[in-house]
Amino acid sequence: MSDTQHTRVLIVGSGPAGYTAGVYAARAMLEPMLIQGIEPGGQLTTTTEVENWPGDTEVQGPDLMVRMESHARAMGCNIVHDIVTDLDLSKRPFTATCDSGAVVTADAIILATGARAKWLGLPSEDAFKGFGVSACATCDGFFYRGQEIIVVGGGNTAVEEALFLTNFASKVTLVHRRDELRAEAILQNRLKKNPKIETLWFHQIEEIRGTDSPKGVESVALKNVQTGEITELPAKGVFIAIGHAPASELVKDQLDLHHGGYVKVEPGTTRTAIPGVFAAGDLTDHVYRQAVTSAGMGCMAALDAERFLAEHDQAVRDTVTEPLGYGAEEPAE
Ligand code: NAP
């Protein structure tokens, strides 16, 4: 990418929201540019089977994202492998500065930076990250063949990760702070039927314990949240699956955020408080957070951007033609 470029529509992020926005904006002849970010394809690239993408009874998450990227590219979306490190939304055209040093100006921006895995925030979790502590079963599960593993959380991610990890582990303990899971019923049924998984209700991790040399996890101290009792469970791997937080750092001082960091949009639209800036997918959706709803919002954002640019172009044409009106000859009597 040359040092400074201008685009009508800049899409930031490459999950289902970003790529769908790319397909729609390209088909609207807006010649969009999409900057992929640090993890091209987003969260779905760290999952395995996806069973709720309409039209595919089962599809691998990474394959689905490769297909979405190819689709957007085939429609004419300019897909750039770079990371936006700074965004200036204070004036139009908006300016994005990238990790490579490239600068992109844009008449409209679609923010689709998604969400990232949350961590517990324990010092021992930090100490063993990458050495037994992970937030991605598909990335790291392979390292725990024949070992005992703990998964923390009670949502879809936790249950899916626990099920996936039984492909490698001798035993998986799902640790949840309540006695009820948020995960879909179909996943809960699979969990109950899996002989390798045990669920430990009303427990939270107090400390992750291990050795320094070689660096690795050996056990986890667990607290019973009802009685306060601490027990120790042997484990070589600890997978944290306690939800996701929106990746809104780029815009946190420029746009209104709510519900713990989600970009606020006008209800029923993808319009943010800044005209010409749109937000779609997990960055703004604190309710549904599904691949298919993200894709739907990506479509909405492209349509909203198209409408905005059409109105903007019309306003520019009106200002250009207005002075001519003053100089026009008086109509003949
Ligand atoms: P989630 O649904 O928000 O669930 C997070 C889980 O972690 C909850 O059970 C929560 O406990 C627990 N938790 C949160 N903070 C915790 C803490 N500090 N200590 C211990 N436990 C904690 O997150 P998710 O499972 O990542 O799912 C996010 C979204 O993606 C959801 O909308 C989900 O449906 C979607 N998703 C869908 C699929 C699929 O369709 N196949 C797969 C993955 C994710 P409480 O229940 O007590 O609050």
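Everything below is about the structure shown above.
Here we summarise the structure given alongside this text. (Residues numbered from 1 in each chain as written. Predicted model: local features only at pLDDT ≥ 70, side-chain atom pairs only at ≥ 80, totals over all residues. Heavy atoms only, no water.)

Details of the packing of helix H1 (residues 16–27) against helix H2 (residues 61–75)
- Put simply, H1 and H2 touch, their axes get as near as 8 Å, and they point 20° apart. Judged by the angle between their axes, H1 and H2 are roughly parallel. Both H1 and H2 take part in a crossing whose hand is left-handed. Touching Pro 16, Tyr 19, Val 23, Ala 26 and Arg 27 of H1 are Met 65, Met 68, Glu 69, His 71, Ala 72 and Met 75, all from H2.
- Broken down by class, the residue content of the contact of H1 with H2 amounts to 8 nonpolar, 1 polar and 2 charged. (Axes fitted to C-alpha atoms, helices over the stretch in contact; angles between N-to-C directions. Helix = DSSP H or I, 4+ residues; strand = E, 2+ residues; numbered from the N terminus. Parallel < 35°, antiparallel > 145°, perpendicular 65-115°, else oblique. Left-handed = near helix turned anticlockwise from the far one by under 90°. Contact = heavy atoms within 4.5 Å. Nonpolar A, V, L, I, M, F, W, Y, C, P; charged D, E, K, R; others polar.)

Structural notes on the layout of surface pockets
- Computed from the structure, the second largest pocket encloses a volume of approximately 260 Å³.
- Lining the second largest pocket we find 14 residues, and of these Val 265, Gly 268, Thr 269, Thr 284 and Met 297 sit closest to its centre.
- Considered class by class, the residues forming the lining of the second largest pocket number 7 nonpolar, 5 polar and 2 charged. (1 Å grid on protein atoms, 1.4 Å probe; cavity = no way out; pocket = protein on both sides within 12 Å on 5 of 7 lines; lining within 4 Å. Points joined across faces, edges and corners; volume = space filled by probe spheres on them.)

Things to note about the state of the cysteines
- Considering all chains together, one arrives at 1 disulfide under this definition.
- Across the disulfide, Cys 136 is cross-linked to Cys 139 (sulfur-sulfur distance 2.0 Å). Judged by the sign of its S-S torsion, about 75°, the cystine formed by Cys 136 and Cys 139 is right-handed.
- Exposure remark for Cys 139: the relative accessible area of 43% places this residue in the partly exposed category.
- In this model Cys 77 remains outside any disulfide bridge; the closest cysteine sulfur is found in Cys 98, 14 Å from its own. (Disulfide = S-S within 2.5 Å. Buried < 20%, exposed > 50% of the residue type's maximum accessible area, 1.4 Å probe, protein only.)

Observations regarding the packing of aromatic side chains
- As enumerated under the stated definition, the model contains 5 aromatic pairs in all.
- Plain terms: the ring middles of Phe 142 and Phe 143 are 6.5 Å apart, the flat faces sit at 70° to each other, and that makes the pair edge-to-face.
- Taking relative accessible area as the criterion, Phe 142 reaches 47% and is therefore assigned partly exposed.
- Each ring, one from Tyr 144 and one from Phe 239, has its centre 5.6 Å from the other, and the planes form 85°; the classification is edge-to-face. Taken as a pair, Tyr 144 in the loop between helix H4 (137–140) and strand E11 (148–152) and Phe 239 in strand E17 (residues 237–240) lie far apart in primary sequence, 95 residues in all.
- Judged by its relative accessible area of 10%, Tyr 144 is buried. (Phe/Tyr/Trp six-rings, centres within 6.5 Å; stacked < 30°, edge-to-face > 60°.)

Things to note about the sheet that holds E17
- The parallel open sheet is built from 5 strands, whose spatial order is E10-E17-E11-E12-E13. Whereas interior strands pair on both sides, the edge strands pair on one side only; in this sheet they are strand E10 (133–134) and strand E13 (197–200).
- As judged from the 5 bridges shared by E11 and strand E12 (residues 171–175), these two strands associate in the parallel manner. Among the inter-strand pairings, Glu 148 is bridged to a residue of E12, identified as Lys 171. (Pairing = 2+ DSSP bridges.)

Section: the pattern of salt bridges
- This model, assessed by the stated rule, comprises 15 salt bridges.
- Where Glu 249 meets Arg 116, a salt bridge forms, and the shortest distance between an N and an O atom there is 3.1 Å. Here Glu 249, found in the loop between strand E18 (244–246) and strand E19 (257–258), pairs with Arg 116, found in strand E9 (residues 115–117); they are 133 residues apart in sequence, far enough to count as distant.
- According to the relative accessible area criterion, Glu 249 is partly exposed, its value standing at 44%.
- By sharing partners, the salt bridges in this structure join Arg 8, Asp 107 and Asp 313 into a single network. (Salt bridge = Lys/Arg side-chain N within 4 Å of Asp/Glu carboxyl O.)

Observations concerning unusual backbone geometry
- Of note, the bond from Arg 92 into Pro 93 is cis; its omega dihedral lies within 30 degrees of zero at 0°.
- By secondary structure assignment, the location of Pro 93 is in the loop between strand E6 (84–88) and strand E7 (94–98).
- Cis geometry is adopted by the peptide bond preceding Pro 214, which originates at Ser 213 and carries an omega value of -5°.
- Of note in the backbone geometry, Phe 202 takes a positive phi value of approximately 55° without being a glycine.
- By the element assignment, Phe 202 lies in the loop between E13 and strand E14 (203–212).
- Even without a glycine there, the phi angle at Arg 289 is positive, about 50°.
- Look at Arg 289 and you get partly exposed, because its relative accessible area is 43%.

Focus on the sheet that holds E14
- Spatial ordering of the open sheet is given by E14-E15-E16, a layout of 3 strands whose pairing is antiparallel. Edge positions in the sheet fall to E14 and strand E16 (230–234), since each has one partner strand and no second. Each adjacent strand pair in this sheet contributes to an overall mean axis angle of 30°, direction not counted.

Keep in mind these values describe shape, not function.
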